[in-house]
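One-letter residues, chain by chain:
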Amino acid sequence: MSAERIAVIGAGTMGAGIAGVAVSAGFEVTLYSRSVTTLDRAHAELANRVGDDADRVVRTTDLAAALDEATLVSENVLEDLALKRDMFAAFERHAPQDAVLTTNTSSVPITAIAEGLDCPGRVVGLHWFNPPTVMPLVEIVRGERTDDTTVERVRAVCAMIGREVIEVHRDVPGFVVNRLQYAMLREAIALVEAGVASMSDVDRAVATTLAPRWSASGPLELMDLAGLDTVEKVAGILMPDLSTQQDVPMLVIERVAAGALGTKAGRGFYEWTPERIAAAVAARDETVRLITERRIAG
Ligand SMILES: NC(=O)c1ccc[n+]([C@@H]2O[C@H](COP(=O)([O-])OP(=O)(O)OC[C@H]3O[C@@H](n4cnc5c(N)ncnc54)[C@H](O)[C@@H]3O)[C@@H](O)[C@H]2O)c1
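Residues numbered from 1 in each chain as written. Predicted model: local features only at pLDDT ≥ 70, side-chain atom pairs only at ≥ 80, totals over all residues. Heavy atoms only, no water.

An unreviewed UniProt entry lists the protein under the name 3-hydroxyacyl-CoA dehydrogenase family protein, with Microbacterium marinilacus as the source organism. Annotation of the protein in UniProt includes, under Sequence similarities (unreviewed entry), the sentence "Belongs to the 3-hydroxyacyl-CoA dehydrogenase family." UniProt annotates the protein under Pathway (unreviewed entry) with the comment "Lipid metabolism; butanoate metabolism." (UniProt positions renumbered as here; feature names shortened; annotations may be inferred.)

Below, the structure is given as structure tokens:
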């Protein structure tokens, strides 16, 4: 059993999953939320994902108690800078002085979250992917004032929980994975908006060509495999034609305004029944599991 004691703050989609990963790794885990209802929902989700281990997660609505003996804090509250700053101020007040303070923000700069704290050196981005129980990699994001020892501590914890790490050296919005993802999402939406292909054909094209290839090699290795002279020629023709749109796409704005938020609302780009949602989640998780197992084996 490890001596790590993890305080997971925020028990929504990500908090519940991260608590599950940490407890399965043998850590002591405390999960904090403002409401018992959210904690109960998180427990049910955890039981679904990690079975009996879910019962070892201590649930609390008392923030100070959650932080009291933590060696590492994982912040997973709403994506809002003011809220995250308040949370980190509370972490400094209540967590032990040598606890590492991590944020799972997807887009807020780590440096901004750490601003005004007495010890910004122990604040670091530890960015997980959904669902954390399945996704094999995390991004460690350095703020401008993050200490090297903090990065090393977080690396060691990631090794203990069996997560691959990439280190993001500069605190740019979206870090590495979301920047890559949104470059692709922008072009996917632009293709649909321009009537080049249907939504389902764009999705199928990615799922059956780019995604399987990218699961074996990243884009830079793939360029080497394609031949950089070819890449140079194609880039010369394509780069000027790709979407450079800076605004949020209308296709997204219109759906959000109409309440079509995706699976959680039963409709988004597609119509979703509970059965279809369950099948899509199962297919996603199973595919990630298979690819991860193959990477570990090979
Ligand atoms: N969902 C994803 O795919 C994903 C992936 C990586 C990172 N993240 C990041 O993780 C964080 C959490 O996202 P999520 O998807 O779990 O969101 P979520 O909405 O499921 O959970 C957020 C939690 O924050 C709580 N919260 C809101 N206001 C609060 C307050 N004032 N005090 C205390 N708690 C409060 C909510 O009750 C909720 O339980 C965000 O920063 C998000 O950007 C999300």
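Undergrad: Any details on the UniProt feature "domain: 3-hydroxyacyl-CoA dehydrogenase C-terminal" (unreviewed entry) in the protein? Residues and values, ideally.
TA: UniProt's entry tags residues 174-272 with the feature "domain: 3-hydroxyacyl-CoA dehydrogenase C-terminal" (unreviewed entry), counted in the numbering of this structure. Between the C-alpha atoms that bound residues 174-272 the distance is 28 Å, and the span itself is 63% helix and 0% strand. (Helix = DSSP H or I, 4+ residues; strand = E, 2+ residues; numbered from the N terminus.)

Undergrad: Talk me through the site of the ligand; I want residue IDs and the actual numbers.
TA: Close contacts around the ligand come from 18 residues, with Thr 13, Met 14, Glu 79, Lys 84 and Ser 106 the closest. Between the ligand and Thr 13, the relevant distance is 2.9 Å, taken from an oxygen atom to a main-chain nitrogen or oxygen of the residue. Here an oxygen atom of the ligand and a backbone polar atom of Leu 78 are 3.3 Å apart. Here the ligand loses 74% of its free accessible area of 830 Å² to cover by the protein chains. Among the elements of the structure, helix H1 (13-24) and helix H4 (81-94) are those that each provide at least two residues to the shell around the ligand. Looking at which element gives the most residues to the shell around the ligand, the answer is H4, with three residues. A per-class count over the shell around the ligand returns six nonpolar, nine polar and three charged. (Near = heavy atom within 4 Å. Polar contact = N/O pair within 3.5 Å; in protein donor to acceptor, adjacent residues only side chain to side chain. Areas by Shrake-Rupley, 256 points an atom, 1.4 Å probe, with all protein chains shown as cover. Nonpolar A, V, L, I, M, F, W, Y, C, P; charged D, E, K, R; others polar.)

Undergrad: Tell me what's going on with unusual backbone geometry, and back it up with residues and numbers.
TA: Following Asn 130, the chain continues to Pro 131 via a peptide bond in cis, the omega torsion being -5°. Here Pro 131 is to be found in the loop between strand S6 (123-127) and strand S7 (137-141).

Undergrad: How would you summarise the nonpolar core if you had to cite specific residues and measurements?
TA: Ranked by internal contacts, the top residues of the largest apolar core, which has 31 residues, are Val 29, Leu 31, Trp 128 and Val 154. For Val 29, the residues in contact, after removing those within four places along its chain, are Ile 6, Val 8, Ala 19, Ala 22, Val 23, Arg 56, Val 57 and Val 58. (Core = buried A, V, L, I, M, F, W, Y, C linked by side-chain atoms within 4.5 Å. Buried < 20%, exposed > 50% of the residue type's maximum accessible area, 1.4 Å probe, protein only. Contact = heavy atoms within 4.5 Å.)

Undergrad: Residues and numbers for the layout of surface pockets, please.
TA: By volume, the second largest pocket is sized at about 160 Å³. Arg 5, Glu 28, Val 29, Thr 30 and Glu 69 are, among the 13 residues lining the second largest pocket, the residues nearest its centre. (1 Å grid on protein atoms, 1.4 Å probe; cavity = no way out; pocket = protein on both sides within 12 Å on 5 of 7 lines; lining within 4 Å. Points joined across faces, edges and corners; volume = space filled by probe spheres on them.)

Undergrad: How would you explain empty space enclosed by the protein if you had to name every residue and give the values?
TA: The full count for this structure, using the stated rule, is one cavity of 30 Å³ or more. Computed from the structure, the largest cavity encloses a volume of approximately 80 Å³. Lining the largest cavity we find Ile 6, Ile 18, Ala 22, Phe 27, Leu 72, Ser 74, Leu 126, Trp 128, Val 157, Cys 158 and Ile 161. Across the lining of the largest cavity, the residue classes tally to 10 nonpolar, one polar and no charged.

Undergrad: Give me the sheet that holds strand S8 (residues 164-168): which residues, what numbers.
TA: Taken in spatial order, the eight strands line up as S3-S2-S1-S4-S5-S6-S7-S8 in an open sheet, and their pairing is mixed. In this open sheet, the two strands that pair with only one neighbour each are strand S3 (58-60) and S8. Strand after strand, the sheet turns through a mean of 25° between neighbouring axes, direction not considered. As paired strands, strand S1 (residues 5-9) and strand S2 (residues 28-32) are joined by five bridges and run parallel to one another. (Pairing = 2+ DSSP bridges. Axes fitted to C-alpha atoms, helices over the stretch in contact; angles between N-to-C directions.)

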